[in-house]
Amino acid sequence: MARISHAQEMQDASVYGSSGRVTVRDIAKAKERGHRWAMLTAYDAMTAAAFDEAGIPVILVGDTMGNNHLGYDSTVPVSLDEIALLAAAVVRGTERALVIGDLPFGSYQQGSEQALQSALRLVKEAGVGAVKLEGGERSAPQISAIVSAGIPVMGHVGLTPQSVNAFGGYRVQGRGDTAARQLLQDARAVQDAGAFGVVLEAVPGELASQVTDSLDIPTIGIGAGPECDAQVLVWTDALGVTPGRLPRFVKQYAEVRQTMVEAARAYAEEVADGAFPAPEHVYR
């Protein structure tokens with residue numbers, strides 16, 4: 001697919017909507033124009049407001065909050081209550097971005113009715129503009145039921161972290177002819193069920209390119225190479241808050257954790273030395 005220049009991107013920024021929030025229709029137009037876009041996660045109002053101000057068109061309230069916000073070892077323990085609470089905060093903190101709420105593990109696996117009720121809750125209580133759920137062919141009935149109720153759905157295939165126990169770890173998906181065919185079938189099943197986009201996670205770049213070219217809906221890559229229609233990163237990874245070793249596909253755009261450590265250390269030292277509060281910080 002032909003790509004447009006940065007100057008053209010700025011000129012065609014109206015593809016994301018001239019006023020109000022970004023919609024799934026804007027996202028569809030972006031695919032038609034070959035216009036790449038970025039998605040970040042967020043879990044609170046202030047972080048979301050900063051990304052909204054930066055012009056990030058889509059913000060995902062992901063179940064990644066389990067690993068990097070709530071202190072869990074994986075995304076599996078995250079509850080719908082937790083997603084709803086934090087998604088509402090993100091919606092309140094934004095004015096322009098399309099906010100997508102993740103359906104966490106256990107909130108849609110029982111079937112279409114459970115999936116619909118979970119999605120309805122995120123729309124009514126949190127105010128999200130769309131929901132996301134994992135799985136290809138196995139999740140197609142749930143996607144169809146939610147879309148039929150008028151709620152936009154983003155799919156997620158490849159490495160699906162909620163299934164980490166079944167995968168035996170966080171492994172690249174789609175290697176080998178059989179696995180590649182299944183991944184392509186999953187992506188097509190998501191599209192056929194009515195999803196407006198699909199995340200491709202931890203997929204070989206060549207395969208992700210083939211999937212992108214074969215679909216009418218946009219692909220959002222995370223560890224899936226440069227040929228996807230969009231890219232998503234977990235914000236704590238991208239801004240250097242997450243400690244320890246990061247996945248290969250992550251690029252850090254800042255070192256926020258180190259800045260926080262240094263600032264907190266300086267504050268503690270000034271309190272201990274009596275330098276803070278200084279006269280200018282005292283009411284008269």
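Residues numbered from 1 in each chain as written. Predicted model: local features only at pLDDT ≥ 70, side-chain atom pairs only at ≥ 80, totals over all residues. Heavy atoms only, no water.

A. Quick look at the environment of Gly55. Examined against the element boundaries, Gly55 turns out to sit in the loop between helix H3 (45-54) and strand S2 (58-61). Considering only alpha carbons, one finds Gly55 and Ala38, 17 residues apart in sequence, at a separation of 9.2 Å. (Helix = DSSP H or I, 4+ residues; strand = E, 2+ residues; numbered from the N terminus.)

B. The arrangement of helix H7 (residues 140-148) in detail. Among the residues of H7, those classed as buried are Ala140, Gln142, Ile143 and Ile146. Down the axis of H7, the buried set is contained in an arc of 160 degrees. They therefore lie on one face. Packing partners of the buried residues in H7 comprise helix H6 (112-126), strand S4 (130-132), strand S5 (153-158) and helix H9 (177-192). Just beyond H7, the residue with positive phi is Gly150, at close to 95 degrees. (Buried < 20%, exposed > 50% of the residue type's maximum accessible area, 1.4 Å probe, protein only. Arc of directions from axis to C-beta. Contact = heavy atoms within 4.5 Å.)

C. Up close: the environment of Ile146. Secondary-structure assignment places Ile146 in helix H7. Considered as a pair, Ile146 and Val234 are 88 residues apart in the sequence and their alpha carbons are 25 Å apart. Not counting chain neighbours up to four residues away, the residues in contact with Ile146 comprise Leu103, Ala115, Leu116, Ala119, Val131, Leu133, Ile151 and Val153.

D. A look at the sheet that holds S5. Overall, parallel pairing links the 8 strands, which are arranged S1-S2-S3-S4-S5-S6-S7-S8 in a closed barrel. Mean inter-strand twist for the sheet, computed between neighbouring axes without regard to direction, equals 25 degrees. Relative to S5, S4 is paired through 2 bridges, and the arrangement is parallel. Residue pairing in the sheet places Val131 in a bridge with Val153 of S5. Packed onto the sheet, helix H5 (residues 80-92) meets S2 and strand S3 (98-102) and runs at close to 155 degrees relative to S2. (Pairing = 2+ DSSP bridges. Axes fitted to C-alpha atoms, helices over the stretch in contact; angles between N-to-C directions.)

E. Structural view of the nonpolar core. One finds Ile59, Leu103, Leu122, Val128, Val131, Ile146 and Leu200 to be the most contacted residues of the largest nonpolar core, which totals 57 residues. Of the residues forming this core, the biggest block, 8 residues, is contributed by H5. Core analysis: the second largest hydrophobic core is formed by 17 residues, Val22, Ile27, Met39 and Val232 among them. (Core = buried A, V, L, I, M, F, W, Y, C linked by side-chain atoms within 4.5 Å.)

F. Summary view of the packing of aromatic side chains. One pass over the structure, following the stated rule, counts 2 aromatic pairs. Both rings, one in Phe51 and one in Trp235, keep their centres 6.0 Å apart while their planes meet at 65 degrees; by these two values the pair is edge-to-face. Within this pair, whereas Phe51 is found in helix H3, its partner Trp235 is found in helix H11 (residues 235-238), the two being separated by 184 residues in sequence. For Trp235, a relative accessible area of 15% puts it in the buried group. Between the aromatic rings of Tyr267 and Phe276, the centroid separation amounts to 6.0 Å while the plane-to-plane angle is 65 degrees, which identifies the pairing as edge-to-face. (Phe/Tyr/Trp six-rings, centres within 6.5 Å; stacked < 30°, edge-to-face > 60°.)

G. Local environment of the side chain of Thr212. Structurally, Thr212 is set in helix H10 (residues 205-214). We classify Thr212 as buried; its relative accessible area is 2%. Excluding residues within four positions of it along the chain, Thr212 makes contact with Lys31, Leu200, Thr219, Glu227, Cys228 and Asp229.

H. Region of the structure containing the packing of H9 against H10. In contact at an axis separation of 10 Å, H9 and H10 are set at 30 degrees when each is read in the N-to-C sense. Every pair of crossing elements has a handedness; the one defined by H9 and H10 is right-handed. The segment H9 lies against H10, with Ala180, Leu183, Leu184, Ala187 and Arg188 engaging Leu207, Val211 and Ser214. In the contact of H9 with H10, the residues fall into 6 nonpolar, 1 polar and 1 charged. (Left-handed = near helix turned anticlockwise from the far one by under 90°. Nonpolar A, V, L, I, M, F, W, Y, C, P; charged D, E, K, R; others polar.)

I. A look at the UniProt feature "active site" (unreviewed entry) in the protein. The UniProt record marks Glu201 with the feature "active site" (unreviewed entry), using the residue numbering of this structure. Residue placement: Glu201 occurs in strand S6 (residues 197-201). (UniProt positions renumbered as here; feature names shortened; annotations may be inferred.)

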